[in-house]
Amino acid sequence: MALDRDFAGALADVVGAGHVHQAPGDLAVYARDATPLFHQVPDAVVFPATTEQVARVLRLATAHRVPVVPRGAGSNLCAATVPVRGGIVLALTRMTQILEISTDELLARVQPGVTTARLADAATARNLLYAPDPGSRTTATVGGNIATCAGGLRGLKYGVTRNYVLGLEAVLPTGEVVRTGGRLWKDVAGYDLTRLLTGSEGTLAVITEATVALLPAPAESNTGVAYFESLTEASRAVGAIISAGIVPATLEFLDRKCVAVVEEYAGLGLRLDAGALLLFGEDGPLATVAANMLRMRQICAETGALEVTVAEDIVRSEALLAARRCSLPALSRLGSLTVLEDVTVPRPRMPEMVGRIDEIADRFDLQIATFGHAGDGNLHPTCVLDPDDEDAVGRVHKAFAEVFRAAIRLDGTITGEHGVGSAKLPFLADRLGATQLGLLRRIKTAFDPAGILNPGKLGS
Amino acid sequence: MIFSKTLLDRCISCGYCLPACPTYAMTGDEASSPRGRISLMRALETGHLEDDDPTLAEQASFCLGCRACEPVCPAGVEYGNLLEEWRDHQWSGRRSPLPARLLMALVSRSWLVRAQGLVRRHARTVTSASGPSLMLGCVERGLFPRVSHAARKLAPGLSVPKRQGCCGALHAHNGDSGTGERMAKSLGDALPGTIVTTSGGCAAHLAAHVGRPRVRELSEYLVEHDHLPSGRLLVDGRVARVALQDSCHLRNGLGISRQPRELIRAVAEYVELPSAGACCGAAGTYSILRPRESGEILSVKIDEIEAAEVDFVVAVNPGCLRQLKTGLRKRGSRVRAVHLAELLVIVPR
């Protein structure tokens, strides 16, 4: 459906004609994000350059009752940026300035289109750390990370994106600009709208600027690798490490299939014969890192590791982490359709959850590889299959529905870090219950009475 | 079927390629990213977009073909091959850009390519039955004949057969991969044994069609055969500062980036440019077909070279060398652009 000509003309007046795309080819590329099996062509893609332009676009969209889907780099895995009801995709990739980095306030102020890696590098250059570390950091934008409350490899020790958002500038669908929170670490005036907008997946407001907390950069960091017979044994080591009072910076595991594909891509010389690999790492003062790395090494050996090695230098350590960050796309080497999911369970129940996933995979005759953040119980069971095998595609949906139910039964959740989007919306009621879902809908209406912001997602 | 099915299926749209893509960096528009272009190819394949769709036409030519997206792709998508198939379809027959068509017509006539030797004296031809042979290149022997002289001096064992034409990379990158493949194979027949080339683009294209084991790019050959120069290159009595511009196809296609650096380090103070691995905008015929974008990319590169305060910037591909020379001349820079072979022969031994 093409946009009304007056409306398209008004959009062009706001952002410039070259920044409103309506040609079929230009629209086709915005029909999907990184979520397989979700696809819908928008009616226009609009590229604003300022908050003021975002506000004017939203006012127009509300007046014309046209859906608006804000989008960063489109790397999310829950179809949060697929325009399921058509309308406008609001691409924020022109708003890419790092506005400020303050070393004495320990914060940065950025536009939403800055990539997470660019922010992290800018912080590092000032001897600071931007802690959120999602796998897609080189591609993903800070705005997108905040909208989905992205997690990543440092979750156990450092938490997820919401722990670092101090304040937001955001535009409501009515065109009003709000500034929530600010530059302060202590500020309890009013409802915490900053936290509410973080993880709201573009359904309440469009984030146009973020103030994020930084930490002093750790003096030292290191990463090691331990190989185990199976994921169950690796999980036992995880439990023992945490019981020993260590909160490591990294505690990631990969199963045999994941190790094989990561090795094929990164060529790190990983051992391919073990059932599971545990990546353990620590950062902080030199003495702490040395002591904790040694202790983790010992614990892995005591819990039956087949082999334990520690990276000899920072380059090798970074290479290990980089390889781990790409395990999802690397898995697609096994089959051209890759459906990756994201469940979290309490850490002690992780072996049980891994067992349930294996059992479900067998029952539905599917290949499911699993990797994840062992430290925080966040698992990514990933199914690889042939997209032309319709029967298998049907089985995947059923199998993952069971995986989500299993996670909830183990006191877990249907998503730990990817978000709900369109993909998980059918399962949200199972997790939240009817009362909470109703409250979500009332909040949505308070922000967006016309229902134009990212319809078909949270609050719908 | 326009595309080999398995090639398109490989991409899972994760978007890890976006930050590596120079055209995405210019626009921030998904359509000008590798992932976006693959979406366009899929739409073409399934008939959702027409052959004459303007976005398809624009993006097929906007892409540099630098393949920077390939090494960063964890899924192993062979974007370079997809682009060749896409351009074969997009630019079939008369729809291919006129300047590219003219150039292709020139270099596909091997007598014409050889006749360049009458005007620009490249390395003297020396025949041997089994090689390894030095490939003279179609563009390079005309533009930079001194490169083959230098290569012969650095690796005296190379034979230089007389009857050799163009490898066909130009065709493959401009919508005629059939001819490109035929030309590569016939060059493979004309040059027995190992083929040593001083052009990164030719190396990658040849390797794809005559087999990787038969192809050696000069820096790779020199390092493998321990032909490391021993002297020091001096400028005004101090060791020269030298930067490198990678050849995209050499780096991203064949994974060769260490060897040219190693050779430079052996003779000079090596200075890494921040974007040494990113395309300089020459990209085969790109600088002719899209001068504005090519110039924009080059301008950043020249800024970097100036800021690095080097004496020389080294290229390992004739297209890049011409591009850098043009950029430096326009800027009135005192930095000299040379081919790696030329740099190594001026070192006193």
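Residues numbered from 1 in each chain as written. Chains lettered and ligands numbered in written order. Predicted model: local features only at pLDDT ≥ 70, side-chain atom pairs only at ≥ 80, totals over all residues. Heavy atoms only, no water.

## Here's the deal with the interface of chain B and chain A
Tallying the contact residues gives 29 residues for chain B and 33 residues for chain A. Interface of chain B and chain A: buried area, both sides summed, is about 2300 Å²; carbon and sulfur atoms make up 54% of it. Area buried by chain B at its contact with chain A is led by B:Ile12, B:Tyr16 and B:Pro74, which between them contribute 26% of it. Across the chain B-chain A interface, the total number found is two salt bridges. A salt bridge links A:Arg71 to B:Glu30, with the shortest nitrogen-to-oxygen separation between them at 2.8 Å. Across the contact surface, chain B and chain A share 15 residue pairs in polar contact (both at pLDDT 80 or more). (Contact = heavy atoms within 4.5 Å. Buried area = accessible area lost by both parts, 1.4 Å probe. Salt bridge = Lys/Arg side-chain N within 4 Å of Asp/Glu carboxyl O. Polar contact = N/O pair within 3.5 Å; in protein donor to acceptor, adjacent residues only side chain to side chain.)

## Side note on the UniProt feature "domain: FAD-binding PCMH-type" (unreviewed entry) in chain A
When the UniProt feature table is mapped to this numbering, "domain: FAD-binding PCMH-type" (unreviewed entry) covers residues 38-217 of chain A. For residues 38-217 of chain A, the helix share is 22%, the strand share is 24%, and the end-to-end C-alpha distance is 39 Å. (UniProt positions renumbered as here; feature names shortened; annotations may be inferred. Helix = DSSP H or I, 4+ residues; strand = E, 2+ residues; numbered from the N terminus.)

## Some points on the nonpolar core
Within the largest apolar cluster, 70 residues are counted, with the highest numbers of intra-cluster contacts made by B:Leu206, B:Ile305, B:Val313 and B:Leu343. For this core, the leading source of residues is helix α12 (residues 200-210) of chain B, giving six residues. Taken domain by domain, the makeup of this core includes at least three residues from each of domain 2 (99-224) and domain 3 (234-345) of chain B. When residues no more than four places from it in sequence are discounted, the contact partners of B:Ile305 are B:Leu273, B:Val310, B:Val313, B:Leu324, B:Leu328 and B:Val335. The next biggest cluster of nonpolar side chains, apart from the first, holds 54 residues, and it includes A:Ala305, A:Leu366, A:Ile368 and A:Ala401. (Core = buried A, V, L, I, M, F, W, Y, C linked by side-chain atoms within 4.5 Å. Buried < 20%, exposed > 50% of the residue type's maximum accessible area, 1.4 Å probe, protein only. Domains from an automatic or database assignment.)

## A look at unusual backbone geometry
Residue and element names in this part refer to chain B. One non-glycine residue, Ser-13, adopts positive backbone phi at about 60 degrees. Ser-13 sits in the buried class, given a relative accessible area of 2%. Backbone geometry places Asp-236, a non-glycine residue, at a positive phi of 50 degrees. Along the chain, Asp-236 turns up in the loop between β4 (234-235) and β5 (238-239).

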